[in-house]
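Below, each chain spelled out in residue letters.
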Amino acid sequence: MGFLNKLFGNQSKEEEIMSNTKLNIGIILGSTRQGRVSPQVGEWVKGIADKREDANYEIVDISEYKLPFLGEGTGEEAGVQAWKEKVANLDGYVFITQEYNHSITGALKNALDSAYQEWNNKAAGIVSYGSTGGARAAEHLRGILAELQVASVRTHPTLSLFTDFENFSNFKPADMHTDNVNAMLDQVIAWSGAFKTLR
């Protein structure tokens with residue numbers, strides 16, 4: 001209906017505001033360990049994303065929030081409240097996740113569990129890396145996101161520790177991955193915009 005109104009010049013004020021407001025997309029770094037490479041991958045994704053000029057993209061580093069393990073704190077800690085506010089203020093996400101023992105990191109799982117309603121009715125893309133491109137971690141992440149009412153898009157850039165990293169630490173992605181990241185972002189933006197109308 002909104003499309004028809006726009007086509008025939010009957011776009012409402014609300015629809016006009018929505019179409020002129022850029023979405024806020026968080027690129028979430030899924031590791032907190034010493035020597036992590038997720039900041040390199042996150043900055044690479046942000047560099048591609050910023051050229052698009054179709055949304056406001058920002059790096060969100062879970063290590064900055066000092067989140068206690070779920071159940072060990074009161075839930076009222078400043079870091080927890082700041083994390084919930086950040087999650088709530090984003091319209092969509094790109095998760096940078098690495099594979100540890102066939103799954104995501106404990107830090108990322110804890111960050112996901114530290115909010116709930118703030119995640120609801122959002123969309124997310126996944127960029128994973130590991131010995132098998134992080135595929136198993138990404139599949140685990142999809143199940144967790146579904147429970148949080150976050151829809152994960154189909155396109156999924158996978159990065160190999162053997163071919164996209166020098167000495168397993170210096171990130172040097174193959175050129176082909178840029179197209180995959182852009183295709184993923186196309187879907188994240190489309191879905192995030194659609195879900196925004198539900199909130």
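Scope of this entry: the structure provided in the associated data block. (Residues numbered from 1 in each chain as written. Predicted model: local features only at pLDDT ≥ 70, side-chain atom pairs only at ≥ 80, totals over all residues. Heavy atoms only, no water.)

## What to know about the environment of Gly-106
For step 1, the next point in the chain: Along the polypeptide, Gly-106 turns up in helix α5 (residues 106-113).
For step 2, the next point in the chain: The spatial distance from the C-alpha of Gly-106 to the C-alpha of Gly-30 is 9.1 Å, given a sequence separation of 76 residues. (Helix = DSSP H or I, 4+ residues; strand = E, 2+ residues; numbered from the N terminus.)

## Comments concerning the pattern of salt bridges
For step 1, the next point in the chain: Applying the stated criterion to the full structure yields 11 salt bridges.
For step 2, the next point in the chain: Among the salt bridges present, the one from Arg-36 reaches Asp-61, with a minimum N-O distance of 2.7 Å. Of this pair, Arg-36 sits in the loop between β1 (23-29) and α3 (38-50) while Asp-61 is found in strand β2 (residues 55-61), placing the two residues 25 residues apart along the sequence.
For step 3, the next point in the chain: A residue is classified by how much of its surface remains accessible, and Asp-61, at 10% relative accessible area, is buried.
For step 4, the next point in the chain: Between Asp-186 and Arg-52 there is a salt bridge, with the nearest N and O atoms lying 2.7 Å from each other. Here Asp-186 is found in helix α7 (residues 176-196), whereas its partner Arg-52 is found in the loop between α3 and β2, with 134 residues between them in sequence.
For step 5, the next point in the chain: Salt bridges sharing common partners tie together Arg-52, Asp-54 and Asp-186. (Salt bridge = Lys/Arg side-chain N within 4 Å of Asp/Glu carboxyl O. Buried < 20%, exposed > 50% of the residue type's maximum accessible area, 1.4 Å probe, protein only.)

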